[in-house]
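Coordinates in review
What follows is each chain in one-letter form.
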Amino acid sequence: MQQLTIFMDIESSRSYIDEIYSSNPEKLLEALVTLKNSVIGSNRQKSSVIQQGIVPRLLQLMTDDGLDPNIRLEATITIGSLAKGTPENVASLVEQGTTIVLVELLKVVPTGTKLAEACLCALRSIFQHPPAPIGALPADMRLLGRLTVIAREGSLTARACVVRILSIWCGGPLEQEALCAAGACAAVAALLAARPDAAPPLARALPALDLLAAMCFENASVSQVALTTRHGDKTIPELLMALVSRDKPLPVAMGAARCLTFIHRAGALSADDNRVVFGALPCLARLCTKDMPEDIRATAAETLAYLAEVDTSLQRLAAISNHLMSSLADIVTCSSSAAKQGAFKCFASLGANDEDIRKKIIETHSIMVHVVNGMNNQEASVRLAAVRCLHSLSRSVQQLRTTFQDHEVWRPLMFLLNDSPGTELLTVGSSTLCNLLLEFSPAKEPMLDQGAVEMLCGLTRRPEAALRLNGIWALMNMAFQAEQKVKQRILCCLGTEQMFRLLGDGDTRVIMKTLGLLRNLLSTRHHIDAIMAEYSSQVMQVIGPNNSLNVLRAVIVVLEGSYPAEVKEQALCILGNIGDGEKAKDLIMDNEDVLRKLVDYLAHPESKLQEAALFVAGNLVWRGEAGAAARQQRLADLGVLRALKLLRARHDAHHLHDKYDNI
């Protein structure tokens, strides 16, 4: 049987290629039809056409408004077919300006025409290949207005194309606000509403749900508009509630629950709103069960994690919904990385605040084994989600002492943190270390042996404030009631220069924890004197603009600065700890600036600062200690005694009276 020419290779039909450049409209149209038919379904033919440099000619034919409309249409359809090829094909189209040409054409082609629909189909195909060339579609209100009109009133194909393009394009606040101003919420509502002549729910609803989710994600103003936008007598949330029901296709129910979740997290729906409590949450819990497809379960678990992430009431409600714990434990064993990631994230959210939920999670189907395995997974996203889950569970004091020790969770965690992790994993992992290094945690000693001190000191030198905070916070926990050798190891590794650099950090939380570290290092009388004796030349030296500042001067800087009362309280407590040493207290007594600050804070209106100053004074002049009388006289000469008498006389200081006994 003779082969039809329309199925012949482009290479063997050079005449048709030549006719693409003909000035004869009939020959040109015939050649375009042949070309279009030859590339349909064949990536090899698509690649051949692109390599022969035909794309610029097709773009020229598309935009020439003096040509036969059928010629322009066939050229556009052919471009759309080429855009369904390989990623390399699409990349080549984008490089040759195809996206820009299609967008510009949409600005002038009348809506509702076949040419406009062909442009939209081609643009959708290009946008669906990552990375989408979103920069080619400007936030032009006139263009966006045309597109939203098509989304609301156009043919089914045109509407689906527009909504899919915009859902991919909507990647940030600028695009969200522009689409909202162009009326995209009304277009979405029209697509979600039931109509007698409606297309199947998947074709009509899924693109609209994706667009709505993209618009509402972390955007309070757009979510508020969505909350009140109506189609007929129903608002968008009411339309979404109808779609989360059991009789709707699973992807539609999933998409609707996701939209309700994003609207809630943006602040437009409260946590106790019926559309959250009886709509989104139970739908997501149902979609996590074993009889659901794996991809649906993965998305449902991750969305539920986001829904319940910050609200304790939703966490408690989700924990008892539809056997969710068992469902998540089963999802963790799924083969896909997305499923494992979603389950770990959901466990992390559920256990964020409630001890009973954390206990329930840990007792669910050997979950700690899965967490340890997750931290050893080849996929970075799974490792990160497993560490998030571990961080959430590590807030449990009891579990730190039992289950965490049984499974040695610190071992894979330390391996991850020492293996050049990304910033996000390092941040979550170091936050977990802060809990694992608490005084009562059995993991403290073995983690020291694995180089925890050196790793944490390294974090304090990172440019990211969150990492500096976690590093110094974990060191502060490590130093609490630690042995002297541990304290000396911290001081030696961190270095006094770095410690005092942290006292000048731009993040108040870092300063607070650095003061807390100093306080924990300078605690227990014999430790104080030993450390001050061994490190006096270093501990008392601070690198600053004058190169002659000392630790007491650093404390004065904090006490004189505009820091919160909690920070100043820590600074005073450090002085109190130094004052508890037998010899170290002389360093304070020899510094008149510090003693004058002590007088000031005994008269401070903040009671917690009065109490901290009283703690310092009490340690300096404790009765029965050698030199106490001389120190009392020295403080009296500077006005401390007068300040104490005024403090005792204040009617609101009765709770401090028992602290005067040894002063």
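On a predicted model such as this, the values are computed, not experimentally measured, just so you know.

Across its full length, the protein chain carries 42 helices and 2 strands. Within the protein chain, the fraction of its 663 residues that count as buried is 55%. The long-range share in the protein chain, meaning contacts at least 24 apart out of those at least 6 apart in sequence, stands at 68%. On the protein chain, roughly 28,500 Å² of surface is accessible, and the fraction owed to carbon and sulfur atoms is 51%.

Let us look at the state of the cysteines. For the coordinates displayed, the defined rule picks out 0 disulfides. As a non-bridged cysteine, Cys 180 has Cys 185 as the owner of its nearest cysteine sulfur, 4.4 Å distant. For Cys 180, a relative accessible area of 15% translates into the label buried.

Take Arg 286: it is sitting in helix 17 (residues 274-287). For the buried Arg 286, no salt bridge is present, and the opposite-charge side chain at shortest range is Asp 247, 7.6 Å distant. When neighbours within four sequence positions are excluded, Arg 286 is seen to be in contact with Val 244, Ser 245, Arg 246, Leu 250, Ala 253, Met 292 and Asn 322.

Following the criterion strictly, the structure yields 24 salt bridges and no others. Note that Asp 507 and Arg 509 form a salt bridge whose closest N and O atoms lie 2.8 Å from each other. We classify Asp 507 as buried; its relative accessible area is 13%. Given the relative accessible area of 47%, Arg 509 is considered partly exposed. Overlapping salt bridges, with partners in common, bring together Glu 560, Lys 597 and Asp 600 in one network.

Take the environment of Met 292 next. Here Met 292 shows up in the loop between helix 17 and helix 18 (294-308). For the pair Met 292 and Leu 250, spaced 42 residues apart in the sequence, the C-alpha separation amounts to 8.5 Å.

This part is about helix 12 (residues 184-192). An α-helical turn contains 3.6 residues, so any two residues separated by three or four positions project in the same direction. The buried fraction of helix 12 is high, at 8 of 9 residues. Among the residues of helix 12, those classed as buried are Ala 184, Cys 185, Ala 187, Val 188, Ala 189, Ala 190, Leu 191 and Leu 192.

Now for helix 34 (residues 508-521). Spanning 14 residues, helix 34 covers 20 Å between terminal C-alpha atoms, matching the ideal 20 Å at 1.5 Å per step. Where helix 34 is concerned, the buried positions are Val 510, Ile 511, Lys 513, Thr 514, Leu 515, Gly 516, Leu 517, Leu 518, Asn 520 and Leu 521.

Leu 192, Leu 240, Leu 350, Leu 433 and Leu 517 are the most contacted members of the largest nonpolar core, which totals 225 residues. When near neighbours in sequence (up to four residues on either side) are disregarded, Leu 350 contacts Ala 308, Gln 315, Ala 318, Leu 324, Met 325, Leu 328, Ile 357 and Ile 361.

For Gly 627, the location among the structural elements is in the loop between helix 40 (607-620) and helix 41 (628-637). On a C-alpha basis, the gap between Gly 627 and Asp 586 in space is 9.9 Å, while along the polypeptide they are 41 residues apart.

Geometrically, a pair of aromatic rings is defined through the distance of the ring centres and the angle of the planes. Under the defined criterion, the tally for this structure stands at 3 aromatic pairs. Considering the side-chain rings of Phe 217 and Tyr 306, the 5.8 Å spacing of their centres and the 40 degrees angle between planes classify their relative orientation as tilted. In this pair, Phe 217 is assigned in the loop between helix 13 (201-216) and helix 14 (220-228) and Tyr 306 in helix 18, connecting sequence segments 89 residues apart. The partly exposed category is assigned to Phe 217, whose relative accessible area is 35%. Of the residues examined, Tyr 306 reaches a relative accessible area of 16% and is grouped as buried.

With an omega dihedral of -5 degrees, the bond running from Pro 130 to Pro 131 counts as a cis peptide bond. The residue Ser 420 is not glycine, and still its phi comes out positive at about 50 degrees. Backbone geometry at Gln 481 places phi at a positive 50 degrees, although glycine is not the residue there. Judged by its relative accessible area of 55%, Gln 481 falls in the exposed class.

For the rest of this paragraph, the subject is the packing of helix 16 (residues 250-265) against helix 17. Between two packed helices, both the angle of their axes relative to each other and the distance between the axes serve to describe the pair. Interhelical geometry of helix 16 versus helix 17 gives an angle of 135 degrees and a closest axis separation of 9 Å. What the angle tells us is that helix 16 and helix 17 run oblique. Pair helix 16 / helix 17 crosses with left-handed handedness. Contact with helix 16, carried on its side by Leu 250, Ala 253, Met 254, Ala 257, Leu 260, Thr 261 and His 264, involves Arg 275, Val 276, Ala 280, Cys 283, Leu 284, Arg 286 and Leu 287 of helix 17 and no other residues of that element. Of the residues in the contact of helix 16 with helix 17, the class split is 10 nonpolar, 2 polar and 2 charged.

Okay, the confidence of the model for the protein chain next. Looking at the protein chain as a whole, the pLDDT averages 87, with 90% of positions reaching at least 70. A low-confidence stretch, residues 1-12 stays under pLDDT 50, and its non-local contacts, those more than four residues away or across chains, total 20 contacts. Low pLDDT, under 50, characterises residues 536-549; the stretch is placed with 25 contacts to residues that sit more than four places away or in other chains.

Quick look at the side chain of Gln 610 now. In this structure, Gln 610 sits in helix 40. For Gln 610, a relative accessible area of 3% translates into the label buried.

Calculation criteria
- Residues numbered from 1 in each chain as written.
- Predicted model: local features only at pLDDT ≥ 70, side-chain atom pairs only at ≥ 80, totals over all residues.
- Heavy atoms only, no water.
- Helix = DSSP H or I, 4+ residues; strand = E, 2+ residues; numbered from the N terminus.
- Buried < 20%, exposed > 50% of the residue type's maximum accessible area, 1.4 Å probe, protein only.
- Contact = heavy atoms within 4.5 Å.
- Areas by Shrake-Rupley, 256 points an atom, 1.4 Å probe, with all protein chains shown as cover.
- Disulfide = S-S within 2.5 Å.
- Lys, Arg positive; Asp, Glu negative; His and termini not counted.
- Salt bridge = Lys/Arg side-chain N within 4 Å of Asp/Glu carboxyl O.
- Expected span 1.5 Å × (residues − 1).
- Core = buried A, V, L, I, M, F, W, Y, C linked by side-chain atoms within 4.5 Å.
- Phe/Tyr/Trp six-rings, centres within 6.5 Å; stacked < 30°, edge-to-face > 60°.
- Axes fitted to C-alpha atoms, helices over the stretch in contact; angles between N-to-C directions.
- Parallel < 35°, antiparallel > 145°, perpendicular 65-115°, else oblique.
- Left-handed = near helix turned anticlockwise from the far one by under 90°.
- Nonpolar A, V, L, I, M, F, W, Y, C, P; charged D, E, K, R; others polar.
- pLDDT = per-residue confidence, 0-100.

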